[in-house]
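Okay, here's what each chain looks like letter by letter:
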Amino acid sequence: MKAMVCVKRVVDYNVRIQVKPDESGVVTEGVKMSMNPFDEIAVEEALRLKEAGKIDEIIAVTIGPQQAQEQLRTALAMGADRAILVQTDEAVQPLTAARVFAELAGKEEPGVVLMGKQAIDDDQGQTGQMTAALWQRPQATFASKVEIEGESAKVTREIDAGLETIEVDLPAVITTDLRLNEPRYVKLPDIMKAKKKTIDNTTVEELGVEAAKPLKVTRTAPPPARQGGKKVESVQELVSELKNKGLI
Amino acid sequence: MEYDAVIVGAGPAGLATAIRLKQLNSDTEVCVIEKASEVGAQILAGAVIEPEPLDELLPGWRDNPPNMCVPAGKDEFLFLGKSGATRMPLPPQMHNRGNFIVSLGAVCKWLAPQAEELGVEIYPGFAAADTLFDDDGNVAGVRIGDMGVARDGSEKSGYTPGVDIRAKVTVFAEGCRGSLTKQLIRRYELDEGKSPQTYGIGFKELWQVPDGRTETGRITHTIGWPVDRRTYGGGFVYHYDDNRVAVGYVVGLDYEDPNLFPFELFQQFKHHPQIKRLLEGGKILSSGARAIVEGGWQAMPTMEMPGALMVGDCGGTLNVPKIKGTHTAMRSGMIAAEHLAGDELSPRGYDAKLRASAVGRELYQVRNIRPGFHKGLWRGLINAAVETVTGGRLPRTLETRADWSSLQKVGEYPAPERDFYQRDLPPKDRLQSVYFAATEHDEDQPVHLKVADTDICVSRCREEYNNPCTRFCPANVYEMVEDEQGLRLQINAANCVHCKTCDIKDPYEIITWVTPEGGSGPNYQNL
């Protein structure tokens, strides 16, 4: 059984995000990019499933510019077997991504498609669900535990009320949550080996996928600056301050 | 893993070495390792650079320049009082016609893929933690630090031991006060007969300022306020395009006042009316700090040792009067590569070639200028004028002294009238500043700042020097805290921006900076 892992190139989580002076978006020039951390968890889970003998091949997939190869190389260095770059220089919306992944899933016929529950750049959290719908297969989202047994997967999901365990028939889409695992460190010799692994290049057009109509970004603004806090001397003062503000 | 050459550090010197090695012989297997999470993320420089080495290394680079690269425009040199500024004649070393204002981080980020195209393998995120030696005592490569070690030294679940990278020649390009270079200089006594190396601490912030204030290419250097006359220090303002300016301040680490607070001096400099009117209402994009090497010709150690050599600032190739080290760092790398390629990768003879080269000549000529400032600002300036007019031909070489030894004891240094402003520009304090450095260390890893004897901190140091580490560190790593166990030193290692100042300036020489887990540390953007 194959696993297809979808990864996204995003601005690194350590970067202090800055809005462009003309408010047309965020600054990406000279900014460190890396693999979406939730997707890294998806890659790690695929590796663990492979090490447990549940699957035998891991294909890493991304949609993005030529440089998104770097993220595929990271996945290959972690242990993925091969990779596919669907190249585009346009901003990719969840629906476009889902169409591409569903198309690739149709071609590669994986037993499981893994991806992060959301990407940390736009935080939309839709791609996994839409991929499952378009591929017409079950979905198990926000996974914090994945057990594959035969033709089905038992998945523990993180939901608002706590944990929910469901069973889905495979093939299925599983989106990964933070507590599922802790991704491994990449070893230097593995990065070298990863350079020899294949990355197939294709494009959204070559796959015959119609890109979703682009959303128009009207304005990007930083969150309002936090007002400075205030120290109060006593409980009474705290209570009266809160009352003044109409909070209690 | 085995290579022909392993280069430690992907700064301008290391990358120039790598590129030149490949250009001269594409069969040479070259590997560059870099402790930062990506190339350029821990590079901090002014920076106005001389482009000649780039022209030689990558002809045609001007058609495909890095980000944040603008031709140098108008130069000015100001002497500051607290509110006034007097225009000074521009020393010849400080003319910048034909030079470029760059972000050195962006330059390195731009050089790396060009090196990779030539076949150089570059591995960011891996720190060289140790040097490997063969049975004959020659350097044989480096050992990468382990990943996944807990704070107490135990192995975490993801523990990954570091690998050994062996090579016929190891090129150290660690930058100022390299942690391995420091050990090797001792081991092979490379500083024998040399003057002690000296340093400065440099701060820099990149600002986005309101429309209409910048003049792309403009270069301002200042001396005078806010340092007192006995302390060496100066500021700079460089104007990029798109309303961006770099503002920075350097303080010589030979300062004597135990209560000096370099970070505060930088912040005060920003509040001088000349500078403040430029910044007010703008915002900080990025900030950081880094030690710079100032010892010059007489402090440059022997740059070769069995199996290895040094290039760039870990050997101290910076030209202080020019306030530039990039061109000499790159050129030292190119000279090293040419030497290695011509002599079956043997480092022997490189040191002599470097000293006889344009780099050596340049450093020799200006060797007496920086040490002249030990006697204060005015005598330093007069000495600099004499040395400049004579082109360094006077038959003398001024001695330097080690920075750790220069502090006077509390009460001995006449407290200068600082006359500081009430500050209102960001950042408020060092913790806010560290935020803009985007520094990151996994908290659960061994502390990478080794203090040999913390008893000294609470006893002797408190009394003699009032714990200067709590002030010279630009990232507030060192704090003296008092709790139930009494007074003790607290090391906030996760804040560290890898500037190395503590390793240099601590008056008892008990602080040692070692590499943290690879990929840790600041993530500078366009510094």
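What you see is a predicted model, and the numbers here were worked out from it, not measured in a lab.

In this section: the overall build of chain B. The helix and strand tally for chain B stands at 14 helices and 24 strands. By the compact-globule yardstick of 24 Å for 527 residues, chain B fits well, its C-alpha radius of gyration being 22 Å. Based on the C-alpha atoms only, the size of chain B along its principal axes is roughly 60 × 60 × 50 Å. In chain B, buried positions account for 64% of the 527 residues. On chain B, roughly 19800 Å² of surface is accessible, and the fraction owed to carbon and sulfur atoms is 48%.

This brings us to the overall build of chain A. When helices and strands are counted, chain A shows 6 helices and 11 strands. Projecting the C-alpha coordinates of chain A onto the three principal axes gives extents of approximately 65 × 45 × 40 Å. Sorting the 248 residues of chain A into buried and exposed places 44% on the buried side. Restricting the contact set of chain A to residue pairs at least 6 apart, pairs at least 24 apart contribute 71%. The distance from the centre of the 33 positive side-chain charges to the centre of the 39 negative ones in chain A is 4 Å.

Residues and elements named next belong to chain B. The tally for this structure, following the rule as stated, stands at 14 aromatic pairs over all chains. Taking 5.4 Å as the distance between ring centres and 35° as the angle between the ring planes, the aromatic pair formed by Phe79 and Trp378 counts as tilted. Remark: Trp378 occurs in helix α10 (residues 377-390) and Phe79 occurs in strand β5 (residues 75-80); sequence separation between them is 299 residues. Relative accessible area serves as the criterion here: at 44%, Trp378 is assigned to the partly exposed category. Where Phe236 meets Tyr238, the ring centres are 4.7 Å apart and the plane angle is 20°; that geometry is what we call stacked.

What follows concerns the packing of helix α1 (residues 12-24) of chain B against helix α3 (residues 104-117) of chain B. Residue and element names in this part refer to chain B. With their axes 10 Å apart at the nearest point, α1 and α3 run at an angle of 20° to one another. In terms of orientation, α1 and α3 fall into the roughly parallel class. With respect to the hand of their crossing, α1 and α3 are arranged in left-handed fashion. Only Leu104, Cys108, Leu111, Ala112 and Ala115 of α3 make contact with α1, whose side of the interface consists of Pro12, Leu15 and Ile19.

Bringing a negative patch on the surface into the picture now. Residue and element names in this part refer to chain A. Residues Asp89, Glu90, Glu205 and Glu206 make up a contiguous surface patch of negative charge. Locating Glu206 in the fold gives a position in the loop between β11 (199-203) and α6 (235-244). The exposed category is assigned to Glu206, whose relative accessible area is 59%.

Time to look at unusual backbone geometry. The phi angle of most residues is negative, glycine excepted, and most peptide bonds adopt the trans form. Each neighbour pair has its own omega, and for Gly46(B) with Ala47(B) the value is -5°, a cis peptide bond. Structurally, Ala47(B) is set in the loop between β2 (30-34) and β3 (48-49). Note that the residue after Trp225(B), namely Pro226(B), is joined by a cis bond; omega there is 5°. Locating Pro226(B) in the fold gives a position in the loop between β15 (219-224) and β16 (233-239). Unusually for a residue other than glycine, Gln136(A) sits at a positive phi of about 60°. By the secondary structure assignment, Gln136(A) is in the loop between α4 (127-135) and β7 (139-149). Residue Gln136(A) is classed as exposed on the basis of its relative accessible area, which comes to 69%. Positioned with a positive phi, Asn243(B) is a non-glycine residue whose angle comes to about 60°. By the element assignment, Asn243(B) lies in the loop between β16 and β17 (244-252). Look at Asn243(B) and you get buried, because its relative accessible area is 18%.

The next thing to look at is the side chain of Ser520(B). All names here are of chain B. Position of Ser520 relative to the elements: it lies in the segment after β24 (511-513). Residue classification places Ser520 among the buried residues on the basis of a relative accessible area of 5%. At 3.5 Å, the side chain of Ser520 forms a polar contact with the side chain of Gln445. For Ser520, the residues in contact, after removing those within four places along its chain, are Lys35, Gln42, Glu440, His441, Gln445 and His498.

The next subject is the pattern of salt bridges. This model, assessed by the stated rule, comprises 50 salt bridges over all chains. Beyond isolated ion pairs, a larger network of salt bridges with shared partners links Lys2(A), Glu57(A), Arg82(A) and Glu108(A).

What follows deals with the interface of chain A and chain B. Residue-level contacts link 19 residues of chain A with 31 residues of chain B. In terms of surface lost to chain B, no three residues of chain A exceed Arg16(A), Tyr185(A) and Leu188(A), which account for 32% of the buried area on that side. A salt bridge links Arg244(B) to Glu29(A), with the shortest nitrogen-to-oxygen separation between them at 3.2 Å. For the pair chain A and chain B, the number of links is 5 residue pairs in polar contact (both at pLDDT 80 or more). For the side of chain A that touches chain B, the class distribution of residues is 11 nonpolar, 3 polar and 5 charged.

All names here are of chain A. A surface patch of nonpolar side chains, amounting to about 400 Å² of accessible area, comprises Val235, Val239, Leu247 and Ile248. With respect to the helices, strands and loops of the structure, Val239 is situated in helix α6. On the accessibility criterion, Val239 (32% relative accessible area) is partly exposed.

This part covers the confidence of the model for chain B. Per-residue confidence for chain B averages 95 on the pLDDT scale, and 100% of its residues sit at or above 70. Here the predicted complex scores 0.93 on pTM and 0.85 on ipTM.

Further remarks concern the sheet that holds β3(B). Residues and elements named next belong to chain B. Ordered in space as β3-β7-β4, the 3 strands form an open sheet in which the pairing is antiparallel. With one partner strand each, in any of the chains shown, β3 and β4 (70-71) form the two edges of the open sheet. Bridging between β3 and strand β7 (residues 100-101) involves 2 bridges; their strand directions are antiparallel. Bridge pairing links Val48 to Ile101 in β7.

Below, the discussion takes up helix α12 (residues 454-465) of chain B. Residues and elements named next belong to chain B. Here α12 spans only 14 Å end to end across 12 residues, well under the 16 Å set by a 1.5 Å rise per residue. Taken as a whole, α12 has its buried residues at Ile456, Cys457, Cys461, Glu464 and Tyr465. Along the axis of α12, the buried residues cluster in a sector spanning 105°; they form a single face. Relative to its buried face, α12 has exposed residues pointing more than 90 degrees away, namely Asp455 and Glu463. Packed against the buried residues of α12 are β21 (449-451), α13 (469-472), β22 (478-483) and β23 (486-491). A side-chain oxygen of the first residue of α12 lies 2.9 Å from the backbone nitrogen of Asp455; this N-cap is Asp453. Looking one or two residues beyond α12, the residue adopting positive phi is Asn466, at roughly 60°.

Turning our attention to α1(B). All names here are of chain B. With 13 residues, α1 should cover 18 Å at 1.5 Å per step; its first-to-last C-alpha distance of 18 Å lies within 8% of that length. Among the 13 residues in α1, 11 count as buried, and that is most of the element. Residues Pro12, Ala13, Gly14, Leu15, Ala16, Thr17, Ala18, Ile19, Arg20, Leu21 and Lys22 constitute the buried set of α1.

Our next topic: the environment of Gln66(A). All names here are of chain A. The topology assignment puts Gln66 in the loop between β4 (57-64) and α2 (69-78). For the pair Gln66 and Gln87, spaced 21 residues apart in sequence, the C-alpha to C-alpha distance is 6.3 Å. Discounting residues that sit within four places of it in the chain, Gln66 has contacts with Leu85, Gln87 and Asn201. A distance of 3.4 Å separates polar atoms of two side chains, one belonging to Gln66 and the other to Gln87.

It is worth spelling out the side chain of Asn14(A) at this point. If you trace the backbone, Asn14(A) turns up in the loop between β2 (9-11) and β3 (33-35). In this view, Asn14(A) contacts Ala438(B), Glu440(B) and Asn523(B); residues no more than four positions away in its chain are not counted.

The rules behind each value
- Residues numbered from 1 in each chain as written.
- Chains lettered and ligands numbered in written order.
- Predicted model: local features only at pLDDT ≥ 70, side-chain atom pairs only at ≥ 80, totals over all residues.
- Heavy atoms only, no water.
- Helix = DSSP H or I, 4+ residues; strand = E, 2+ residues; numbered from the N terminus.
- Rg over C-alpha atoms; globule rule 2.2 N^0.38 Å.
- Buried < 20%, exposed > 50% of the residue type's maximum accessible area, 1.4 Å probe, protein only.
- Areas by Shrake-Rupley, 256 points an atom, 1.4 Å probe, with all protein chains shown as cover.
- Contact = heavy atoms within 4.5 Å.
- Lys, Arg positive; Asp, Glu negative; His and termini not counted.
- Charge placed at Lys NZ, Arg CZ, Asp CG, Glu CD.
- Phe/Tyr/Trp six-rings, centres within 6.5 Å; stacked < 30°, edge-to-face > 60°.
- Axes fitted to C-alpha atoms, helices over the stretch in contact; angles between N-to-C directions.
- Parallel < 35°, antiparallel > 145°, perpendicular 65-115°, else oblique.
- Left-handed = near helix turned anticlockwise from the far one by under 90°.
- Patch = residues over 30% accessible without salt bridge, like charges linked within 9 Å, V, L, I, M, F, W, Y side chains within 5 Å.
- Salt bridge = Lys/Arg side-chain N within 4 Å of Asp/Glu carboxyl O.
- Polar contact = N/O pair within 3.5 Å; in protein donor to acceptor, adjacent residues only side chain to side chain.
- Buried area = accessible area lost by both parts, 1.4 Å probe.
- Nonpolar A, V, L, I, M, F, W, Y, C, P; charged D, E, K, R; others polar.
- pLDDT = per-residue confidence, 0-100.
- Pairing = 2+ DSSP bridges.
- Expected span 1.5 Å × (residues − 1).
- Arc of directions from axis to C-beta.

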